[in-house]
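# Chain and residue survey
Listed below are the residues making up each chain.
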Amino acid sequence: FDWNAWKAKGDAARTSDTWSPTMVGELNPRRPLFPGMTYSPEELSPNTPVDYSKIREDAKLKGCPLGGKRGPKIDWTNVQLLSRFLSEGGKIIPKRKTNVCSKKQRELARCIKRARQMNLLPYLSKLPEYQRREPPPIFYKRERNSY
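Attention now goes to the overall build of the chain. Assigned secondary structure in the chain consists of seven helices and zero strands. Beginning at the N terminus, the succession of helices and strands in the chain can be written as α-α-α-α-α-α-α. Each of the 147 residues in the chain was classed as buried or not, and the buried ones make up 22%. Counted over contacts in the chain with a minimum sequence separation of 6, partners at least 24 positions apart contribute 52%. Total accessible area on the chain is roughly 12100 Å²; 53% of this is exposed by carbon and sulfur atoms.

For helix H7 (residues 102-117), with 16 residues, the first-to-last C-alpha span of 23 Å sits near the 22 Å given by 1.5 Å per residue. Along H7, the positions that sit buried rather than exposed are Gln-105, Leu-108, Ala-109, Cys-111, Ile-112, Ala-115 and Arg-116. In this fold, the buried residues of H7 make contact with helix H5 (79-83) and helix H6 (95-98). Looking one or two places after H7, you find Asn-119, whose phi comes out positive at around 65 degrees.

Counting residues in each nonpolar core, the largest one holds 14 residues, and the members touching the most others are Leu-66, Ile-74, Leu-82, Phe-85, Leu-108 and Leu-121. Every element with two or more residues in this core is listed here: H5 and H7. With four residues, H7 is the single largest residue contributor to this core. Once you skip the residues sitting within four places of it in the chain, Leu-82 turns out to touch Ile-74, Asp-75, Trp-76, Leu-108, Cys-111, Ile-112, Ala-115 and Leu-121.

With that out of the way, let us pick up the environment of Gln-131. Relative to the assigned elements, Gln-131 resides in the segment after H7. Note: C-alpha distance between Gln-131 and Ser-87 (44 residues apart in sequence) is 9.1 Å. Residue contacts for Gln-131: discarding those within four places in its chain leaves Glu-88, Ser-125 and Lys-126.

As a further point, take a positive patch on the surface. Among the surface-exposed residues, Lys-95, Lys-103, Arg-106, Arg-110 and Arg-114 lie close enough to one another that they form a single positively charged patch. Tallying contributions element by element places H7 first for the positive patch, with four residues. With respect to the helices and strands, Arg-114 occurs in helix H7.

A few words now on the environment of Lys-60. By the element assignment, Lys-60 lies in helix H4 (residues 52-62). A relative accessible area of 69% places Lys-60 in the exposed class. Through-space distance from the C-alpha of Lys-60 to that of Asn-99 is 7.2 Å; in sequence the pair is 39 residues apart.

What counts, and at which threshold
- Residues numbered from 1 in each chain as written.
- Predicted model: local features only at pLDDT ≥ 70, side-chain atom pairs only at ≥ 80, totals over all residues.
- Heavy atoms only, no water.
- Helix = DSSP H or I, 4+ residues; strand = E, 2+ residues; numbered from the N terminus.
- Buried < 20%, exposed > 50% of the residue type's maximum accessible area, 1.4 Å probe, protein only.
- Contact = heavy atoms within 4.5 Å.
- Areas by Shrake-Rupley, 256 points an atom, 1.4 Å probe, with all protein chains shown as cover.
- Expected span 1.5 Å × (residues − 1).
- Core = buried A, V, L, I, M, F, W, Y, C linked by side-chain atoms within 4.5 Å.
- Patch = residues over 30% accessible without salt bridge, like charges linked within 9 Å, V, L, I, M, F, W, Y side chains within 5 Å.
- Salt bridge = Lys/Arg side-chain N within 4 Å of Asp/Glu carboxyl O.
- Lys, Arg positive; Asp, Glu negative; His and termini not counted.
- Charge placed at Lys NZ, Arg CZ, Asp CG, Glu CD.

Spelled out as structure tokens, the structure:
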């Protein structure tokens, strides 16, 4: 597949009928794609570098989700808040993924450990009411071969 030849046809937005399965496989896997958006060939090219520093800066500008005057009070009895910062296996999610500042992350860890000791949170999993709900698998009837 030749990106330069495709680019030479024009920068007009491509419609779904111009996409082929081989083109979809060659899209940039690191680029976040959103439904309903139109992209130019340069944005979809695997050769176009992704500026991750800008993505990180945007996350830092948002700030700590628990900080400030309006932030929720971190307490070991607030199980709903604490379970937001636990993985499905019961591990504490690191601050680089949750964007929590160091001070609040230490306080979170202390409260989670205390809630575990007081038997409010399980050690090895999330509470069932706070786990992600996945839709049940769809089973199709298998067609029988007619001989």
